[in-house]
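Given next are the chains, with one letter for each unit.
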Amino acid sequence: MDTSKRYCEVADLNSMADELRAIRHHIHQHPELAYEEQQTAALVAEKLQQWGYTVTTGVGRTGVVGSLTVGDGQRSIGIRADMDALPIHEQTGLPYASQHHGKMHACGHDGHTSMLLGAARYLAETRNFSGTVHLYFQPAEEHGIDSGAKCMIDDGLFERFPCDAVFGVHNHPGAPVGTFLFRKGPFLAAGDNIYITIHGTGGHAARPHLTVDPIVVSSSIVMALQTIVARNIDPAQPAVVTVGVQQAGAANNVIPHSARLELSVRSFSAEVRALLKQRITELVQQQAASYGATADIDYRMGYPVVINSDRETEFAIQVAQELVGAEQVVPHTAQLMGSEDFAYMLQARPGCFLRIGNGTGEDGCMVHNPEYDFNDRNLPIGAAYWARLVERFLAPAG
Ligand code: ZN
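Turning our attention to the packing of helix H7 (residues 214-232) against helix H8 (residues 270-290). H8 packs onto H7 with a crossing angle of 150° between their chain directions and a minimal axis gap of 10 Å. Between H7 and H8, the interaxial angle falls into the category roughly antiparallel. Between H7 and H8 lies a crossing of right-handed hand. Contact with H7, carried on its side by Val 217, Ser 220, Ile 221, Ala 224, Leu 225, Thr 227, Ile 228 and Asn 232, involves Leu 275, Leu 276, Arg 279, Ile 280, Leu 283, Val 284, Gln 287 and Ala 288 of H8 and no other residues of that element. Taken together, the residues that form the contact of H7 with H8 break down as 11 nonpolar, 4 polar and 1 charged.

Another aspect to go through is the sheet that holds strand S13 (residues 294-303). Strands in a sheet are paired, the pairing made by backbone hydrogen bonds, and the direction either parallel or antiparallel. Taken in spatial order, the 4 strands of this open sheet run S10-S12-S8-S13, and their pairing is antiparallel. Since the sheet does not close on itself, it has two edges, and those belong to strand S10 (239-248) and S13, each with one partner. Going from strand to strand, the sheet's axes swing by 15° on average, the running direction of each strand aside. With 8 bridges connecting them, strand S8 (residues 190-199) and S13 associate as antiparallel partners. By the bridge assignment for S13, Tyr 195 is matched with Asp 298. Across the sheet, H7 is in contact with S8, S10 and strand S12 (258-267); its angle to S10 comes to roughly 175°. Packing of H8 onto the sheet brings it into contact with S8, S10, S12 and S13, and relative to S13 it is tilted by some 165°.

Attention shifts here to the coordination of the zinc ion. Those donors, Cys 107 (SG), His 109 (NE2) and His 170 (NE2), are the protein atoms that reach the zinc ion, and they lie 2.1 to 2.2 Å from it. Counting gaps between the donor residues of the zinc ion yields the pattern C-x1-H-x60-H. Each member of the pair, Cys 107 as well as His 109, is classed as buried.

Counting buried positions along strand S5 (residues 165-173) gives 9 out of 9 residues, so the element sits mostly inside the fold. Summarising the sheet, strand S3 (residues 76-82) and S5 pair through 4 bridges and their orientation is parallel. Bridge pairing links Gly 78 to Val 166 in S5. Examined bridge by bridge, S5 and strand S16 (residues 351-359) share 8 bridges and lie parallel to one another. Looking across to S16, one finds that His 170 is bridged to Arg 355.

This part is about the sheet that holds S3. The 8 strands lie next to each other as S1-S2-S4-S3-S5-S16-S6-S15, forming an open sheet whose pairing is mixed. Each of the sheet's edge strands pairs with one partner strand only, and the pair in question is strand S1 (54-59) and strand S15 (329-330). Relative to the sheet, helix H3 (residues 38-50) contacts S1, strand S2 (63-70) and strand S4 (131-138), its axis offset from that of S2 by approximately 15°.

What counts as what
- Residues numbered from 1 in each chain as written.
- Predicted model: local features only at pLDDT ≥ 70, side-chain atom pairs only at ≥ 80, totals over all residues.
- Heavy atoms only, no water.
- Axes fitted to C-alpha atoms, helices over the stretch in contact; angles between N-to-C directions.
- Helix = DSSP H or I, 4+ residues; strand = E, 2+ residues; numbered from the N terminus.
- Parallel < 35°, antiparallel > 145°, perpendicular 65-115°, else oblique.
- Left-handed = near helix turned anticlockwise from the far one by under 90°.
- Contact = heavy atoms within 4.5 Å.
- Nonpolar A, V, L, I, M, F, W, Y, C, P; charged D, E, K, R; others polar.
- Pairing = 2+ DSSP bridges.
- Donors = N, O, S within 2.8 Å, 3.2 Å for Na, K, Ca; no water.
- Buried < 20%, exposed > 50% of the residue type's maximum accessible area, 1.4 Å probe, protein only.

On their own, these measurements won't tell you what the molecule is for.
Below you can see the structure in the form of structure tokens.
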């Protein structure tokens, strides 16, 4: 690092804090679900255009890319922020709470987008780098299947807006605001989604012997599934099998015809992932058969493991340490069982996915909770981080 050169500090973004908060609150008030991010994308595109970026909309349906080249540097960097909200009814009671019933920014993507916009403005005004920066504003991170990152990549993201390395961030409730969390190698788990229909034979509640009760079958399957992680997976390997949906029946005097289960399954290795698929399939089919029922299994492989490349992660850690001091940086965070579709971008390019603390105690409400809110104090910190990362990555030689 050339120490004579001055790079972005958090203090440089403080004058922009009010503006970023206003942008964040506006996005928060108008949450849009996966691939419906029309207003959010329009706001992002308008700001980027205003600040002098070359803007491309409709990348991966509702995605937006802002590109800026300064000087004659040949290197390029990509930074991604996600824009979508969740189908949750907000219960924060905040003055800027969601105005759209049943939709909410409960994962802080409003904050991720606002932090990257802050960096965008700063970089365009200061132009203290040589090379090309591409800002990827991505739709539909929460989509599970055919999500926004994959959609943008399939739409030619890395051919049309090529970068030497790609970076992304997610807020992290439970860690102090403004702290940065990293991990080289596998960081976030692969997440698969399984949809199961149990077909029985419905009938009268008082004549169970003439039916095949799918409620009893599905209950037995739910219990049997608990043995997979406990008895089939190596205890030294992380894995999760969660039944998030169990649905059947509509009246107490009716044995229904079918029952439905939906599972979320997480893992870190290809072997464990394959074994989970094999055991879940066997167990569901054979349990159902043992009761005289049948099962349809729709096993959808979701996001792959988020794997951070060593060199880019080392670089990202260094930039965080310069910006906020080593005591605010955790270089070796434990693996997380959550999943992220940024994994697809990291399959295509080297890079690093990092986490920024969203607060502890009362501020530590977990994401996907109706009382969650992104912490505004992170806006200038996160924006300064992205700005400095770009300046350092694209620092002119000599
Ligand atoms: Zn999220």
